[in-house]
Amino acid sequence: MKRYSKLIIAVIIALVFIGTFVFLWQKSQPKEIVYNEFTPAMNEVKKSTVITGKIEPRNEVNVKPQISGIITELLKEPGDYVNEGEVIAKVKVIPDMGQLSSAESRVRLADINLQQAKVDYEREQNLYSQKLVSADEYDKVRKALQQAKEEVVAAQDALQVVRDGVSKSNASASSTLIRSTISGVILDIPVKVGNSVINSNTFNDGTTIASVANMQDLIFRGNIDETEVGQLMQGMPLKITIGALQDLKFDASLEYISPKATESNGANQFEIKAAVKLVNDDKIRSGYSANAEIVLAQVQKALTIPESAIEFSGDSTFVYIVKDTKAQKEYERRQVVTGLSDGVNIEIKKGLSIKDKVRGPEIIADNKED
C-alpha cells in the first residue's frame, strides 16, 4: 500500500514538473506581432478650436437719476420691456441746503430788482408822456422792466427745481421721473423703494436705477490663446452652443479680435467678439455661459489616413506600406508629405495613393481574439 502511495506522489510531481517546463517553454517562444492595417480614404479634414465665453447684449445701458433723492415708487420689474422715455421709477427730492439757500436768495434779489424796475418804469413813463425824455430812453427802461420780470420767473423756477425737482414750466420733463434712455428689456433694478440715490457728477458715477439692453442684438464674448489667434479673421463663422439650454446651437460671425493680450493663468489670451444670429428665441438671457466652435483650417477632399499610422522622424514623416508575399507580410517604409490634421486623421499630400494599404499601430494582446 505504501508502495502505491509513493508511486502516485512521484507521478504527480513529474506531471507538475513537465507542465511547468511546457508553460515556460511556450512563454519563451517569440510572439507574432500583429498590426492594424488601414486603407487611405477621401475625407474632409478640418482643424477647429472651442472657445469658452458668455452671451451678453451688445449695448447695456445703466439708467441713472438726474437728481439726488429717495425712491418713492418702482413702476417696472426686471424682465419687463420698456420703450425709450417710459418711466421706470419716481424719486422724491432731497434738496441740497447750499443750493436751496442760493436759490431762495436769487428769488429775493429778483423781487427787489423787479420792484426797482417798476419804479423806474413809472417815472420814465411819466416823463415820456410829457415829452421830457426821448423814445430811446423810454424803450431802455421798458426793456429793463421786462427783463426783471423774466428774472423773477427764472428764479422761481430754479427754486422749485432745487426744492421739488420740477417746476411749472418743465413739468412734462420732470427730473423726479426716472425714464429709460433706450428701448429694451430691463435686466436688473438694483434699488428698492426707500433707497437713497444720487445723480452722477464729477466726483461720483451716480446710483444705477436700472440696467436696460436690447436682447435682440447679442454678442458672444470669449478669449482665445495666442497660439491660435493668428489664424482668425473678421467675418469667420462660429457655431455657438449653450449647454444650459439642452445644447441649444446657433450661428455667429466673428467681428472683433483684440489687438492686445491679457494674461490668464500664465497664458496670453486675446478677447474676441462675435455677432450672434438669433432665430426669434426668447430663451436667451444675458450672461449665459457658452462655447463657440470656430474652424481654423479646412480641406474638403483630402487623402487621409489615421494619424497613428504616421512615423515622425525629425522634420520628415513616414508610413509603412503593406507588401503581401506568399511567405509572410512585409512592410516597406516610405516617406510621405503630410498636410492638415484634425487630431484623428491626417492629410497625405504626396507619397501615397488610395490603392495602398498602410500599417498602423500594433494590436495589443487583449484585442487579438476580437
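Residues numbered from 1 in each chain as written. Predicted model: local features only at pLDDT ≥ 70, side-chain atom pairs only at ≥ 80, totals over all residues. Heavy atoms only, no water.

J.: Describe the overall build of the protein, with residues and values.
T.: The helix and strand inventory of the protein stands at five helices and 20 strands. Classification of the 370 residues of the protein by burial places 30% in the buried group. Intrachain contacts of the protein at a sequence separation of at least 6 include 71% that bridge at least 24 residues. When the accessible area of the protein is evaluated, it comes to approximately 24,200 Å², of which 50% is carbon and sulfur surface. (Helix = DSSP H or I, 4+ residues; strand = E, 2+ residues; numbered from the N terminus. Buried < 20%, exposed > 50% of the residue type's maximum accessible area, 1.4 Å probe, protein only. Contact = heavy atoms within 4.5 Å. Areas by Shrake-Rupley, 256 points an atom, 1.4 Å probe, with all protein chains shown as cover.)

J.: Break down the pattern of salt bridges for me, citing the residues and quoting the values.
T.: All told, the structure shown has 15 salt bridges when counted by the stated rule. A salt bridge links Arg106 to Glu151, with the shortest nitrogen-to-oxygen separation between them at 3.1 Å. Of this pair, Arg106 sits in helix H2 (residues 97–129) while Glu151 sits in helix H3 (residues 135–164), and the two are 45 residues apart along the sequence. Residue class for Glu151 comes out partly exposed when judged on its relative accessible area of 31%. Across the pair Asp356 and Arg334 runs a salt bridge whose closest N-O atoms are separated by 3.2 Å. With a gap of 22 residues between them, Asp356 in the loop between strand E19 (345–350) and strand E20 (358–362) and Arg334 in strand E18 (residues 329–341) connect regions that are remote in the sequence. (Salt bridge = Lys/Arg side-chain N within 4 Å of Asp/Glu carboxyl O.)

J.: A description of the sheet that holds strand E8 (residues 184–188) should follow, citing residues and the corresponding values.
T.: Strands in a sheet are paired, the pairing made by backbone hydrogen bonds, and the direction either parallel or antiparallel. Pairing is antiparallel in the open sheet, where four strands are placed in the order E3-E10-E8-E5. Both edges of this open sheet fall to strand E3 (60–63) and strand E5 (81–82), since each of them pairs with a single strand only. For E3 and strand E10 (residues 210–213), the ladder comprises four bridges, and the chain directions are antiparallel. Paired with Val61 across the strands is Val212, a residue of E10. (Pairing = 2+ DSSP bridges.)

J.: Give me the confidence of the model for the protein: which residues, what numbers.
T.: Across the protein, the average pLDDT comes to 83, with 86% of residues at or above 70. Of all helices and strands in the protein, the one with the weakest mean pLDDT is helix H5 (residues 365–368) (52), whereas E10 scores best (95). (pLDDT = per-residue confidence, 0-100.)

J.: I'd love a proper account of the packing of aromatic side chains, names of residues and values included.
T.: Enumeration over the complete set of coordinates arrives at one aromatic pair. Where Tyr121 meets Tyr138, the ring centres are 5.9 Å apart and the plane angle is 35°; that geometry is what we call tilted. Linking Tyr121 in helix H2 with Tyr138 in helix H3, this pair joins segments that are 17 residues apart in sequence. Here the two residues Tyr121 and Tyr138 agree in accessibility, since each one is buried. Its end group placed over the ring of Tyr256, Lys273 keeps NZ or CZ at 5.1 Å from the ring centre. Above the face of the Tyr320 ring, Arg359 is positioned so that its terminal group lies 4.2 Å from the ring centre. (Phe/Tyr/Trp six-rings, centres within 6.5 Å; stacked < 30°, edge-to-face > 60°. Lys NZ or Arg CZ within 6 Å of the ring centre and 35° of its normal.)

J.: Go over unusual backbone geometry, please, and point to the residues and values.
T.: Where the residue is not glycine, phi is negative for most of them; where a peptide bond is considered, it is trans in most cases. Phi is positive for Asn265, which is not a glycine, with a value near 55°. In this structure, Asn265 sits in the loop between strand E13 (248–264) and strand E14 (267–276).

J.: Summarise the nonpolar core; cite the residues concerned and give the values.
T.: Counting 24 residues, the largest nonpolar core has Ile55, Phe220, Leu232, Leu238, Ile240, Ile272 and Ile294 as its most contacted members. At the level of elements, strand E2 (41–57), strand E11 (218–225), strand E12 (237–242), E13, E14 and strand E15 (289–306) are the ones that each hand at least two residues to this core. Counting 14 residues, the second largest nonpolar core, distinct from the first, contains Val82, Ile88, Ile189 and Val191. (Core = buried A, V, L, I, M, F, W, Y, C linked by side-chain atoms within 4.5 Å.)

J.: Now, about a nonpolar patch on the surface: what can you tell me, with residues and values included?
T.: A surface patch of nonpolar side chains, about 290 Å² in accessible area, is lined by Ile8, Ile12 and Val16. Examined against the element boundaries, Ile12 turns out to sit in helix H1 (residues 2–28). Classification of Ile12 as partly exposed rests on a relative accessible area of 48%. (Patch = residues over 30% accessible without salt bridge, like charges linked within 9 Å, V, L, I, M, F, W, Y side chains within 5 Å.)

J.: Can you break down the environment of Lys260 residue by residue, with the values?
T.: Its place among the elements puts Lys260 in strand E13. Sequence separation between Lys260 and Phe270 is 10 residues, and the spatial gap between their C-alpha atoms is 6.6 Å. Beyond its immediate stretch of four places on either side in the chain, Lys260 contacts Gln269 and Phe270.

J.: Could you give an account of the sheet that holds strand E9 (residues 196–197), naming the residues involved and the relevant values?
T.: Taken in spatial order, the four strands make up an open sheet running E7-E6-E4-E9, and their pairing is antiparallel. Edge positions in the sheet fall to strand E7 (177–179) and E9, since each of these pairs with one other strand and no more. With five bridges connecting them, strand E4 (residues 69–74) and strand E6 (residues 87–93) associate as antiparallel partners. Looking across to E6, one finds that Ile70 is bridged to Lys92.

J.: An account of the pairing of E8 is needed here, citing residue identities and associated values.
T.: As paired strands, E5 and E8 are joined by two bridges and run antiparallel to one another. Residue pairing in the sheet places Val82 in a bridge with Gly184 of E8. As paired elements, E8 and E10 share three bridges and run antiparallel to each other. Directly across from Asp188, in E10, lies its bridge partner Ser211.

J.: Could you give an account of the environment of Pro78, naming the residues involved and the relevant values?
T.: Note on placement: Pro78 falls in the loop between E4 and E5. Judged by relative accessible area, which is 48%, Pro78 ranks as partly exposed. Along the primary structure Pro78 and Val212 are separated by 134 residues, whereas in three dimensions their C-alpha atoms are 9.1 Å apart. Beyond its immediate stretch of four places on either side in the chain, Pro78 contacts Ile186, Leu187, Asp188 and Ile189.

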